[in-house]
Amino acid sequence: CSEQGEREVKQDIRIGDDVRDVLANATIEGNILRLPPDLDRKLYQRVDQALSALGGAWNRKQRGHVFAGDPRTAIDAAADSGKVAHPNQLDFFPTSDEPADRVAARLNATPAHRILEPSAGEGALVAAVLRGMPRPPLALALIEKDPGRVAVLREKFQASLFCDDFLGVSETGFYPFDKIAMNPPFHRGADDLHVMHALNFLAPGGRLVAIASSMLARRPTKPSKDLGDRLDAWGGWTIEPLPEGSFKAAGTNVATVMLTVDRPKGDA
């Protein structure tokens, strides 16, 4: 996910001495960073912003910020220099547990389904979808263009992995998917393009659930209008706002929605 209004991609973030002290005294175990207890709320928020900029995402179950790899070098550099570089050259904002769980509940996938997560990042959505499943789904495919995140996905999931930009992947050669969960990039209306493309992968009678900008299918652009027309032609779709601050932990307060699309069973 990405943007502010259309989501802002940030550059360097400067951090104060109090945040630097907290980072210097954090506990790191493998790829999990745990903060000292009882931090002042405002201080915690600024520390959390710095950790998000460094690539860490709060994980409720782990009770810490989880990184793709060992964060010690990056944390030490931030504590020493007083600044961090925002890691969103690829427009990546990790999905936290609450919106991921909402998507999974709405998707309602079972082991009998073929499931796709395009632009999968580190697999937060598919992890939520798989939680509670008694056994693996019939098929699971993940598409992600960043090789480092593909390596993370390989460690976490038994899935067919494709290292590619989703917009460049053709549905030809894929079986149609019963369920698609996605949190596409938003920058400059990219979510309109990604959702439109994902609909080509959806099987008749299948369901797509996407986190998107509140401007999805409402922008004064041809891709946005085309998406709105296609959704209207299919009929079975809804958009509902996600709670304010759903992506605050990822460093942005952009307004987001959850789109649910059911492809008609008789649609060829």
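Only a predicted model underlies this, so the values are computations on that prediction, with no experimental measurement involved. (Residues numbered from 1 in each chain as written. Predicted model: local features only at pLDDT ≥ 70, side-chain atom pairs only at ≥ 80, totals over all residues. Heavy atoms only, no water.)

Chemist: Outline the overall build of the chain, listing residues and values.
Modeler: The helix and strand tally for the chain stands at eight helices and 13 strands. Counting only residues that meet the buried cut, the chain has 47% of its 268 residues in that class. At a minimum sequence separation of 6, the contacts of the chain that also span at least 24 residues come to 73%. Put simply, the chain shows about 12,900 Å² of open surface, and 49% of that area lies on carbon and sulfur atoms. (Helix = DSSP H or I, 4+ residues; strand = E, 2+ residues; numbered from the N terminus. Buried < 20%, exposed > 50% of the residue type's maximum accessible area, 1.4 Å probe, protein only. Contact = heavy atoms within 4.5 Å. Areas by Shrake-Rupley, 256 points an atom, 1.4 Å probe, with all protein chains shown as cover.)

Chemist: Tell me about the sheet that holds strand β2 (residues 27-29), and please be specific about residues and values.
Modeler: With respect to topology, four strands assemble into an open sheet ordered β2-β3-β5-β4, the strand pairing being antiparallel. Looking at which strands have only one partner, the edges of the open sheet turn out to be β2 and β4 (57-59). Between one strand and the next, the sheet's axes are offset by a mean angle of 35°, whatever the strand orientation. When strand β3 (residues 32-34) meets strand β5 (residues 64-66), the two strands line up antiparallel, connected through two bridges. Bridge pairing links Leu33 to His65 in β5. (Pairing = 2+ DSSP bridges. Axes fitted to C-alpha atoms, helices over the stretch in contact; angles between N-to-C directions.)

Chemist: How would you explain the packing of aromatic side chains if you had to name every residue and give the values?
Modeler: With the rule as written, the count across this model stands at five aromatic pairs. Note on Phe174 and Phe201: the rings are 5.6 Å apart at their centroids and 65° apart in plane angle, and the pair reads as edge-to-face. In this pair, Phe174 is assigned in the loop between β9 (160-162) and β10 (177-182) and Phe201 in the loop between α7 (190-199) and β11 (202-213), connecting sequence segments 27 residues apart. A connected cluster of aromatic rings, assembled from ring pairs, spans Phe162, Phe166, Phe174, Tyr175, Phe177 and Phe201. (Phe/Tyr/Trp six-rings, centres within 6.5 Å; stacked < 30°, edge-to-face > 60°.)

Chemist: Can you break down the packing of α7 against helix α8 (residues 222-234) residue by residue, with the values?
Modeler: Put simply, α7 and α8 touch, their axes get as near as 9 Å, and they point 40° apart. Classified by chirality, the crossing of α8 by α7 is left-handed. Residues Asp192, Leu193, Val195, Met196 and Leu199 of α7 form the contact with α8, whose own contacting residues are Pro223, Ser224, Asp226, Leu227, Arg230, Leu231 and Trp234. Partitioned by chemical class, the residues of the contact of α7 with α8 number eight nonpolar, one polar and three charged. (Left-handed = near helix turned anticlockwise from the far one by under 90°. Nonpolar A, V, L, I, M, F, W, Y, C, P; charged D, E, K, R; others polar.)

Chemist: Tell me about unusual backbone geometry, and please be specific about residues and values.
Modeler: Positive phi values are uncommon outside glycine, yet Asp38 reaches one of about 60°. Checked against the element boundaries, Asp38 lands in the loop between β3 and α2 (41-53). Take Asp38: its relative accessible area is 79%, and that puts it in the exposed class.

Chemist: Summarise the pairing of strand β13 (residues 256-262); cite the residues concerned and give the values.
Modeler: Of all seven residues in β13, six are buried; the element is thus mostly enclosed. Where β11 meets β13, seven bridges bridge the pair, whose relative direction is antiparallel. Considered in β13, the bridge of Ala212 is made with Val257. For strand β12 (residues 236-241) and β13, the ladder comprises six bridges, and the chain directions are antiparallel. Note that in β13 the partner of Gly236 across the bridge is Asp262.

Chemist: So what's going on with the nonpolar core? Which residues, and what values?
Modeler: By size, the foremost hydrophobic cluster in this structure holds 23 residues, and its most contacted members are Ile180, Leu208 and Leu259. Top element by residues in this core is β11. It accounts for four residues. Non-local contacts of Leu259, meaning those with residues more than four positions away in its chain, are made with Val195, Leu208, Val209, Ala210, Leu216, Leu231, Trp237, Thr238 and Ile239. Residues Ala100, Ala104, Leu140 and Val209 belong to the second largest nonpolar core, which totals 22 residues. (Core = buried A, V, L, I, M, F, W, Y, C linked by side-chain atoms within 4.5 Å.)

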